[in-house]
Amino acid sequence: MVMETKTTSKTSCLKALLLKAWRERWTDLQWGINIKTVLPRGVSGDVYNLADCILQQAVVGAGANQLVLSYLRHSLSAQLVSHAAVLQRLSKYNQLSKVHCVFSLLEFLEGMLPGVTCCGKAEETVLATAVLSIACWLLTILLQCKGTAHLTQKASFLLTTLMNDDFYVSMMCLARYSDPELFTETNRKCIELRASLSDSDDLSKCIKKLENIDVNILSLPINSEKWPGALIQCWLEVKLVGNPGASTNSLAEQLRLFQKLKGFDGPRLFAELMRGSLLALYDVNQTSHESQWGAFAFLKVPHILLELAGKNDSNSIVSAIELMLQHSPLLDAMDANSSCSSLECLLGELVKARLITEVQVKHLLEKRKPPASVKLDTAPATAGIPKVIICAEPTLAGILKTLSTDYHKIQDPLLGMLHQVLTGKSFELILAVATVQGQLRILVTRLIRFNECSKSGGDKARAQLFDISFLMLVAIVQNYGANAVLDPDGESLFEQWVKSCMVERQRPKAPEQLLRLGDPDTIEMLLQQFNAGESDFKPNIKWQDVLFNIPGVMHEVLVAWEQGALVPSDVKRILDAVRGRMCSLPLAAAAWLCAYMRTAPQENLLKPVNMVQQLLAPPAAEEDSLRERWQLTCEIIRKMQRDVQLPLQTKSSHHLISRQPAIEQLHAAWSRAIRRGWLDHSSAKTLHCLLDTAGPRWLVSAVIQEMLKLRYRDQLQRGVDLALAAFHVDIRACTLELLSHVLPQMLYNDLQADSLMEPHLIALAYLTSYCVYTAFDAFSEEPEEPMAKVARLNEGEDGTLIEQLISALRQLMTIFEDGIQEGYITQQTYFAFYLIKSLVEVKVNSASALLAAIPSALVTDLLRTLPELFTYPILLHLHDVFNTHGRNNMAKDLCILRNYHLRNVSQENN
């Protein structure tokens, strides 16, 4: 046996003592007594290569000396030598021709394996390499001793034992990164040995496992949830109410993250997406939001599925549809509302996206049997929203094509087309389709171009083209926000008017500022014209001169009326002239009046409110084109009124201000969603309004309090999903508040902490980890919506937003670390463990950055306090194997858990 020895006087003494023991046939007990006279107190025999000395003496002859091996066994039991040292020395024995010695060493190893661990800090990292070395040695025996059946049988058994033990597998994963050369050698021998074995062989499976050993070799359990879930549908409602134009890619990325958080397979994720979109559409039946959700369900969802699944995964799509067919009441209700087969329309769009084939469609439709009470319209009618939406898609393409041509060549046809778009629900449908297809900005850009071309000149066609394009643009900006559709540096007339004059909820305009944009001479000229009841303008009129001076006109009229210079009939005559033939003028007038009313004292509101109401009166002209424009104008002005939240108005739950207390609004929306298992559109809008009124800290605290009231596990699971979806009104701000304020206050306030028990504690921990991962993902991406709320959080703080999130998580973990007291197990201790466990169970790209925020001392303290809750896979996934510090901590924690398990086995045996 070739072993390195350290020639010291102490080593010589040990060898002499060993020879004496063998000559005098000492028992292992005598050996234990006498060895202590040579070894200094508290010094391991590893320092003097004691294991090497004993093994050298044990294998001198043709067979192993069992007496000498008993001395090694006793030295292990007495902790005079470490398991790591013995394993290392065993793995270096290369005289495989001495069959009896090899077999005796294998038997000795078999006796060692049930108790291998380490008890000293110096041994922890060495043990991992020693275990992998033994595995490599066993592979060598299997390769070089094929003719000796009893050796290969024993080596196979021991290798299988190693690969079936989570502790040894974890140690070998660790060794892969701490000793890459050893792993490379092991890997080479695995490949060589597997070539001579069949794949069905148990040994072959173990060798393949060793060949591919890595952190993910030990999988963490996935929490399976009943179909259908609540998260995807609730999240869709909250997300699209706040950002209806969210891109396909961003939605797909978010869904992939949810898939990992919840452990969904592909078909389950796809089915949840389709079900969620159809539920949302069913909820808004016969409302102004029906077109938006119809376009999302039938046009956007296929593109999201294509992004998620690709064109080569039709089987997963089919499985998802079959899962949907189990939810037949929803499909029945959809069919009854639309008088057509919603499933057939959806499958048709999936075929267009090449996600499934016609044969698969036929097979799926055969499985779908609608009840006799549902009468489907088989004619190519467009009554049902699915068919209407699908027909609107080519219409939008035609409009965009028309708007891309030369203005002077198509002025009259374009005017007719735009008037037709305003008829009925056409404009609503076109916007919905443009939104889900990501073409809304293109539509706006082209409308602005035509609006610019027609901003000068008073001939009827040009004036109408300016008017209708202006109205359509205002309606789009009002519904989707200027940031979503306009270039921040745009210099067109319309973009300048939006920045300076348009009434927006989140961007109040100072009425005095609007007045400074006017010219006194132009204001006087307009006043004279309107006072004379004249609605027609000169042919050379420039509409920007009118629009930017209308606020001055309204100001003069209001002041004159308040001072008695004008009577109501005079005001009516002037306002009737303002809204005579151009709808953009009363709209501009209402914009200033609403901006004025936002800041005016309540006693001064009656007259401007009456002026707005007069602007909303139907026009005297009977032209069809004006009637369609006027309907859109009234919708825009009424929304302006709602956005300024006048105290004279009747409030609804969708407004920023409500007579109902915020906590009652939240409770009503929450209770309804928990009872149904899905979130309705009005509740989603309520959540957004509550964020605006009360702020993220109040919202997070209130939602968690609602969640903790739930009593049953299935309700609690639904509550976690609903809470996570609710926080997506602003997941970044909500998560920072959750980590920095809500959780510390809740966990360390005696009145609240005492009420936190299982399963609520575990549910709160999982909700926290979900929020952390989704917020990290949101911070990592370029935000699509304004970051105003997050920017406020960022004021006065150092570092990027991601660094703030990690810092908040680290601070929370530090609070837990400081709060752990030896011998005491509290709610905070349990919460800290379950939070770490839930963070570990989700293996996403951002996991390593977030897990690095967990102090290693906290993990060790929890491991010593709650060892029965930890598993080797948790520790394996928790620590970073790519750096030395992470590997050292992992080795230490693995051995702590190993020692706990060995103590339990010992107690059970006793």
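Please read these numbers as outputs of a predicted model, since none were measured by experiment. Numbers given to residues run from 1 along each chain, matching the order in which its sequence is written. Predicted model: local features are reported for residues with pLDDT of at least 70 only, side-chain atom pairs are reported and counted for 80 or more only, and whole-chain, interface and lining totals are derived from all residues. Water and hydrogen atoms were dropped before computing side-chain values, which therefore reflect all heavy atoms in the structure.

Novice: Describe the overall build of the protein chain, and please don't skip the residues or the numbers.
Specialist: Tallying secondary structure elements over the protein chain gives 48 helices and zero strands in all. In terms of overall size, the protein chain is more extended than a compact globule, its C-alpha atoms giving a radius of gyration of 38 Å where 910 residues would be expected to give roughly 29 Å. Taken along the three principal axes of its C-alpha coordinates, the protein chain extends 130 × 60 × 50 Å. Across the 910 residues that make up the protein chain, the buried fraction comes to 55%. Nonlocal contacts in the protein chain, meaning residues at least 24 apart in sequence, comprise 77% of its contacts between residues at least 6 apart. Only DSSP runs of H or I with at least four residues qualify as helices, and only runs of E with at least two residues qualify as strands; both kinds are numbered from the N terminus onward. With C-alpha atoms as the basis for the radius of gyration, the globule rule is written as 2.2 Å multiplied by the number of residues raised to the power 0.38. A simple rule labels every residue: compare its accessible area, found with a 1.4 Å probe on the protein chains alone, to the largest value its type can have, and call it buried under 20%, exposed over 50%, or partly exposed in between. Between two residues, a contact is recorded if the distance between any of their heavy atoms is within 4.5 Å.

Novice: Would you mind going over helix α3 (residues 50-58) in detail, with residue names and values included?
Specialist: Most of α3 sits inside the fold, with seven of its nine residues counted as buried. Residues of α3 that are buried include every one of L50, A51, D52, C53, I54, L55 and A58, and no others. Residues of α3 that are buried sit in contact with α1 (9-23), α2 (28-35), α4 (66-77), α5 (83-91) and α6 (99-112).

Novice: Explain empty space enclosed by the protein residue by residue, including any values.
Specialist: In this analysis a 1.4 Å probe is tested at points of a 1 Å grid over the protein atoms alone, and where it fits but cannot get out there is a cavity; an open set with protein on both sides within 12 Å along at least five of seven lines is a pocket; lining residues have an atom within 4 Å of a point. Grid points are joined across faces, edges and corners, and a volume is the space filled by probe spheres set on the points. Summed over the entire model, instances satisfying the criterion amount to two cavities of 30 Å³ or more. Around the largest cavity, the lining residues are L666, A669, W670, L679, L687, V703, L722 and A726. Elements with a minimum of two residues in the lining of the largest cavity: α35 (662-676) and α38 (713-726). Here the element with the most residues in the lining of the largest cavity is α35; it accounts for three residues.

Novice: How would you summarise the pattern of salt bridges if you had to cite specific residues and measurements?
Specialist: Should a side-chain nitrogen of Lys or Arg be within 4 Å of a carboxyl oxygen of Asp or Glu, the pair is scored as a salt bridge. Inspection of every chain in the model, using the stated rule, returns 23 salt bridges. One salt bridge connects E452 with K455, and the closest N-O pair in it is separated by 3.0 Å. Judged by relative accessible area, E452 falls into the partly exposed class, the value being 23%. R573 serves as the salt-bridge partner of D570, at 3.2 Å between the closest nitrogen and oxygen.

Novice: Could you give an account of the layout of surface pockets, with specific residues and numbers?
Specialist: Counted as a void, the second largest pocket has a volume near 710 Å³. Contributing to the lining of the second largest pocket are 24 residues, with E225, R713, D714, Q717 and R718 lying nearest its centre. For the lining of the second largest pocket, the leading source of residues is α38, giving seven residues. A breakdown of the residues in the lining of the second largest pocket according to their chemical character gives ten nonpolar, five polar and nine charged. Residues are sorted three ways: Asp, Glu, Lys and Arg are charged, Ala, Val, Leu, Ile, Met, Phe, Trp, Tyr, Cys and Pro are nonpolar, and all the rest, Gly among them, are polar.

Novice: Account for the packing of helix α12 (residues 231-242) against helix α36 (residues 681-694), with residues named and values stated.
Specialist: Contact geometry of α12 with α36 gives a least axis separation of 9 Å together with a crossing angle of 60°. One finds that α12 runs oblique with respect to α36. Crossing handedness for the pair α12 and α36: right-handed. Here E237, V238, V241 and G242 of α12 come into contact with α36, specifically with H681, A684, K685, L687 and H688. Residues of the contact of α12 with α36, tallied by class, amount to four nonpolar, three polar and two charged. Axes here mean lines fitted to C-alpha atoms, for a helix over just the part in contact, with angles spanning 0 to 180 degrees between N-to-C directions. An angle below 35 degrees is read as roughly parallel, one above 145 as roughly antiparallel, one from 65 to 115 as roughly perpendicular, and any other as oblique. By convention, the crossing between two helices is left-handed when the near helix turns anticlockwise from the far helix through less than a right angle, and right-handed when the turn is clockwise.

Novice: Can you explain the environment of R581? Please cite residues and give values.
Specialist: Mapped onto the elements, R581 comes out in the loop between α31 (568-578) and α32 (584-599). Overall, R581 belongs to the partly exposed group, its relative accessible area being 41%. Expressed as a C-alpha distance, the spacing of R581 and S535, which sit 46 residues apart in the sequence, is 6.5 Å.

Novice: With reference to specific residues and values, describe the side chain of D335.
Specialist: For D335, the location among the structural elements is in helix α17 (residues 328-338). Residue class for D335 comes out buried when judged on its relative accessible area of 1%. At a separation of 2.9 Å, a polar atom in the side chain of D335 contacts the main-chain amide nitrogen of S342. For the purposes of these results, a polar contact is taken to be a pair of N or O atoms within 3.5 Å, where, inside protein, one atom must be able to donate a hydrogen and its partner to accept one; residues adjacent in sequence count only when each atom of the pair is a side-chain atom.

Novice: If you had to explain α5 to someone new, which residues and values would you point to?
Specialist: Most of α5 is tucked away, with nine of its nine residues classed as buried. All of the buried residues along α5 are H83, A84, A85, V86, L87, Q88, R89, L90 and S91. Along its buried surface, α5 packs onto α3, α4, α6 and α7 (124-144).

Novice: Would you mind going over a negative patch on the surface in detail, with residue names and values included?
Specialist: Together, D519, D521, E524, D545 and E556 give the surface a local cluster of negative charge. Among the secondary structure elements, E556 is positioned in helix α30 (residues 550-562). On the accessibility criterion, E556 (41% relative accessible area) is partly exposed. Surface patches are drawn from residues lacking salt bridges whose relative accessible area is over 30%; two like charges belong together within 9 Å, two nonpolar side chains (Val, Leu, Ile, Met, Phe, Trp, Tyr) within 5 Å. Note that accessible areas follow from Shrake-Rupley with a 1.4 Å probe, and for residues the cover is restricted to the protein chains shown. We count Lys and Arg on the positive side and Asp and Glu on the negative side, and we leave His and both chain ends out. Charge placement uses NZ in Lys and CZ in Arg. For Asp and Glu, CG and CD serve respectively.

Novice: So what about the packing of α3 against α5? Which residues, and what values?
Specialist: Viewed as axis vectors pointing N to C, α3 and α5 meet at an angle of 40°, and their least axial separation amounts to 9 Å. It follows that α3 is oblique to α5 by the angle criterion. Considering the relative orientation of α3 and α5, their crossing is right-handed. Contacts between α3 and α5 involve A51, D52 and L55 from the former and A85, V86, R89 and L90 from the latter. Residue composition of the contact of α3 with α5, grouped by class: five nonpolar, no polar and two charged.

Novice: Can you break down unusual backbone geometry residue by residue, with the values?
Specialist: With the exception of glycine, the majority of residues adopt a negative phi angle, and the majority of peptide bonds are in the trans configuration. For the bond from W227 to P228, the omega torsion is -5°, close enough to zero to count as cis. Note on placement: P228 falls in the loop between α11 (202-211) and α12. Cis geometry marks the peptide bond from E758 to P759, where omega comes out at 5°. For P759, the location among the structural elements is in the loop between α40 (750-753) and α41 (760-780). At Q79, a residue that is not glycine, the phi angle is positive and equals roughly 60°. For Q79, the position within the fold is in the loop between α4 and α5.

Novice: Let's hear about the packing of aromatic side chains: which residues, and what values?
Specialist: The pairing test for Phe, Tyr and Trp rings, Trp by its six-membered ring, is centres within 6.5 Å, and the orientation test on the planes gives stacked under 30 degrees, edge-to-face over 60, and tilted for anything in between. Overall, the coordinates contain 15 aromatic pairs when judged by the stated rule. Where F466 meets F470, the ring centres are 5.7 Å apart and the plane angle is 25°; that geometry is what we call stacked. In this pair, F466 and F470 both sit in helix α24 (residues 460-480), four residues apart, roughly one turn of the helix. On the basis of relative accessibility, which here comes to 0%, the residue F466 falls in the buried class. For F470, a relative accessible area of 0% puts it in the buried group. Among the aromatic residues, those joined into a ring-pair cluster are F466, F470, F494, W497 and W543. A cation sits over an aromatic face here: R25 above W22, 5.0 Å from the ring centre. When the NZ atom of lysine or the CZ atom of arginine is within 6 Å of a ring's centre and also within 35 degrees of its normal, the charge is said to sit over that ring. It is R676 that lies over the ring of W678; its NZ or CZ is 4.6 Å from the centre.

Novice: Explain the environment of R864 residue by residue, including any values.
Specialist: Structurally, R864 is set in helix α46 (residues 856-865). Taking the C-alpha atoms as reference points, R864 and V43, separated by 821 residues in sequence, lie 26 Å from one another.

Novice: An account of the confidence of the model for the protein chain is requested, with residue identities and associated values reported.
Specialist: For the protein chain, per-residue confidence averages 86 on the pLDDT scale, and 91% of positions sit at 70 or higher. A residue's pLDDT is the confidence the predictor assigns to it, expressed on a 0 to 100 scale. Taken element by element, the protein chain is modelled with least confidence in helix α42 (residues 788-794), mean pLDDT 44, and with most confidence in helix α37 (residues 696-708), mean pLDDT 95. This model gives residues 378-382 a pLDDT under 50, and the stretch forms five contacts once residues within four places in sequence are excluded.

Novice: Talk me through the state of the cysteines; I want residue IDs and the actual numbers.
Specialist: Cysteine sulfur atoms are paired as a disulfide whenever they come within 2.5 Å of each other. A complete count under the given rule lists zero disulfides for this structure. Summary of cysteine pairing: C771 is not part of a disulfide, and the nearest cysteine sulfur, belonging to C734, is at 7.9 Å.

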